[in-house]
Amino acid sequence: MAENAALAQEVSVRFIEGWRTEQFAEELVKAGLLESTEEFMRAAADPKWNAQFDFLHTRPSGVALEGYLFPDTYNLRMDATADDVIERLLTTFGERVTPAMIADADRLGMTLHQVITIASIVEREAAIPEERALIASVYYNRLEDGMPLQADPTVQFQQGTPANWWPEITGADLQLNGPYNTYLNPSIPPGPICNPGFGSIQGVLYPAETDYMFFVAKQDGSGEHAFATTKEEQDANVELYLNN
């Protein structure tokens, strides 16, 4: 009986790779752990976490925990507070993203925050695991060439609302300036746009070696992208996969 009582004090909560922090908060409310999403968002904005987790130290001032709340399935006590949940998610991040991996970020000439930011974009772009390192290579090649990333998910993040956190993007949306519009701003966004999974983090830390500068979704249900080195090749892929 005591064992059953202990089990009854927990609930299983699954946080999906690619979810925004707000979606984590919504899932906790849905599971009955929190009364409001604001409770979780306030806790996530607390600067105290920097003092507890060294891997957060490369975050710019004022950037929230987006990107560092490790997505997985957790058994959480029903009396867990927002702080308890965040501490659990951050602890898991620190266990999965090892000091050796952080050293590999330095080897790339990147801060961990930059790696997690790019990984968050890869997470939203890649539909199949095999393409994560390929998509990462495109972004690195663009950064090296001084080209904007032109990643739709960053604009979706900027335009998202509680009614739809990941809205369809229009041409007009691409013209709305903001720090997360990677069509207008050539640099890496100020922070992650979602909480990426381990596979996307690996894909960014260990990218494929390619000359690719472009990719476009094939729109055939496979989740695959067509990759291109030149603008001419990209235009041909767009014509093949989007305009037919």
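Here we summarise the structure given alongside this text.

### Overview of the overall build of the chain
Consideration 1: Along its length, the chain carries 11 helices and four strands.
Consideration 2: Expected size for 244 residues packed as a compact globule is a radius of gyration near 18 Å; at 19 Å, the chain falls within 12% of this value.
Consideration 3: C-alpha atoms of the chain, sized along the principal axes, occupy 65 × 40 × 35 Å.
Consideration 4: Per-residue burial over the chain gives 45% buried out of 244 residues.
Consideration 5: In the chain, once contacts between residues fewer than 6 apart in sequence are set aside, the share between residues at least 24 apart is 63%.
Consideration 6: Here the chain has roughly 12,000 Å² of accessible surface; of this, 49% comes from carbon and sulfur atoms.
Consideration 7: The centroid of the 15 positive side-chain charges in the chain is displaced by 3 Å from the centroid of its 37 negative side-chain charges.

### Notes on the nonpolar core
Consideration 1: One finds Phe40 and Leu90 to be the most contacted residues of the largest nonpolar core, which totals 60 residues.
Consideration 2: Here this core gets seven residues from one element, more than from any other, and that element is helix α7 (residues 112-125).

### Quick word on the layout of surface pockets
Consideration 1: Taken as a whole, the largest pocket encloses approximately 780 Å³ of empty space.
Consideration 2: Together, 30 residues line the largest pocket, and Glu125, Asp152, Pro153, Tyr183 and Ala217 are the ones closest to its centre.
Consideration 3: For the lining of the largest pocket, the secondary-structure elements that each account for two or more residues are α7, α8 (132-145), α9 (152-159), β3 (214-217) and α11 (231-241).
Consideration 4: Tallying contributions element by element places β3 first for the lining of the largest pocket, with four residues.
Consideration 5: For the lining of the largest pocket, the per-class residue count stands at 17 nonpolar, eight polar and five charged.
Consideration 6: Put simply, the second largest pocket is a space of about 160 Å³.

### Some details on the pattern of salt bridges
Consideration 1: For the coordinates displayed, the defined rule picks out six salt bridges.
Consideration 2: The partner of Arg77 in a salt bridge is Asp79, with the nearest N and O atoms 3.0 Å apart.
Consideration 3: Take Arg77: its relative accessible area is 41%, and that puts it in the partly exposed class.
Consideration 4: Under the relative-accessibility criterion, Asp79 is labelled exposed at 51%.
Consideration 5: Lys231 is paired through a salt bridge with Asp235; the nearest N and O atoms lie 2.8 Å apart. Of the two residues, Lys231 and Asp235 both sit in helix α11, four residues apart, roughly one turn of that helix.

### Let's talk about the packing of aromatic side chains
Consideration 1: Inspection of every chain in the model, using the stated rule, returns 11 aromatic pairs.
Consideration 2: Arranged with centres 5.8 Å apart and planes meeting at 40°, the rings of Phe215 and Phe227 form a pair that is tilted. Residue Phe215 is located in strand β3, and its partner Phe227 is located in strand β4 (residues 225-228); the two are separated by 12 residues in the primary sequence.
Consideration 3: Note on Phe215: relative accessible area 16%, which makes it buried.

### Here we look at the packing of α7 against α8
Consideration 1: Orientation of α7 relative to α8, taken along the N-to-C sense of each, is 130°, at an axis distance of 10 Å. Taken together, the axis directions place α7 and α8 in an arrangement best described as oblique. Both α7 and α8 take part in a crossing whose hand is right-handed. In contact with Ile118, Ile121, Val122, Glu123 and Glu125 of α7, α8 contributes Arg132, Ile135, Ala136, Tyr139, Tyr140 and Leu143.
Consideration 2: Residue composition of the contact of α7 with α8, grouped by class: eight nonpolar, no polar and three charged.

### As for helix α10 (residues 198-205)
Consideration 1: Listed as buried for α10 are Ser200, Ile201, Gly203, Val204 and Leu205.
Consideration 2: Each element contacted by the buried residues of α10 is listed here: α5 (82-96), α6 (99-107), α7 and α8.

### Concerning the side chain of Thr21
Consideration 1: Following the sequence through the fold, Thr21 ends up in helix α2 (residues 21-30).
Consideration 2: Non-local contacts of Thr21, meaning those with residues more than four positions away in its chain, are made with Phe40, Met41, Ala44, Glu66, Leu69 and Asn195.

Rules used throughout
- Residues numbered from 1 in each chain as written.
- Predicted model: local features only at pLDDT ≥ 70, side-chain atom pairs only at ≥ 80, totals over all residues.
- Heavy atoms only, no water.
- Helix = DSSP H or I, 4+ residues; strand = E, 2+ residues; numbered from the N terminus.
- Rg over C-alpha atoms; globule rule 2.2 N^0.38 Å.
- Buried < 20%, exposed > 50% of the residue type's maximum accessible area, 1.4 Å probe, protein only.
- Contact = heavy atoms within 4.5 Å.
- Areas by Shrake-Rupley, 256 points an atom, 1.4 Å probe, with all protein chains shown as cover.
- Lys, Arg positive; Asp, Glu negative; His and termini not counted.
- Charge placed at Lys NZ, Arg CZ, Asp CG, Glu CD.
- Core = buried A, V, L, I, M, F, W, Y, C linked by side-chain atoms within 4.5 Å.
- 1 Å grid on protein atoms, 1.4 Å probe; cavity = no way out; pocket = protein on both sides within 12 Å on 5 of 7 lines; lining within 4 Å.
- Points joined across faces, edges and corners; volume = space filled by probe spheres on them.
- Nonpolar A, V, L, I, M, F, W, Y, C, P; charged D, E, K, R; others polar.
- Salt bridge = Lys/Arg side-chain N within 4 Å of Asp/Glu carboxyl O.
- Phe/Tyr/Trp six-rings, centres within 6.5 Å; stacked < 30°, edge-to-face > 60°.
- Axes fitted to C-alpha atoms, helices over the stretch in contact; angles between N-to-C directions.
- Parallel < 35°, antiparallel > 145°, perpendicular 65-115°, else oblique.
- Left-handed = near helix turned anticlockwise from the far one by under 90°.

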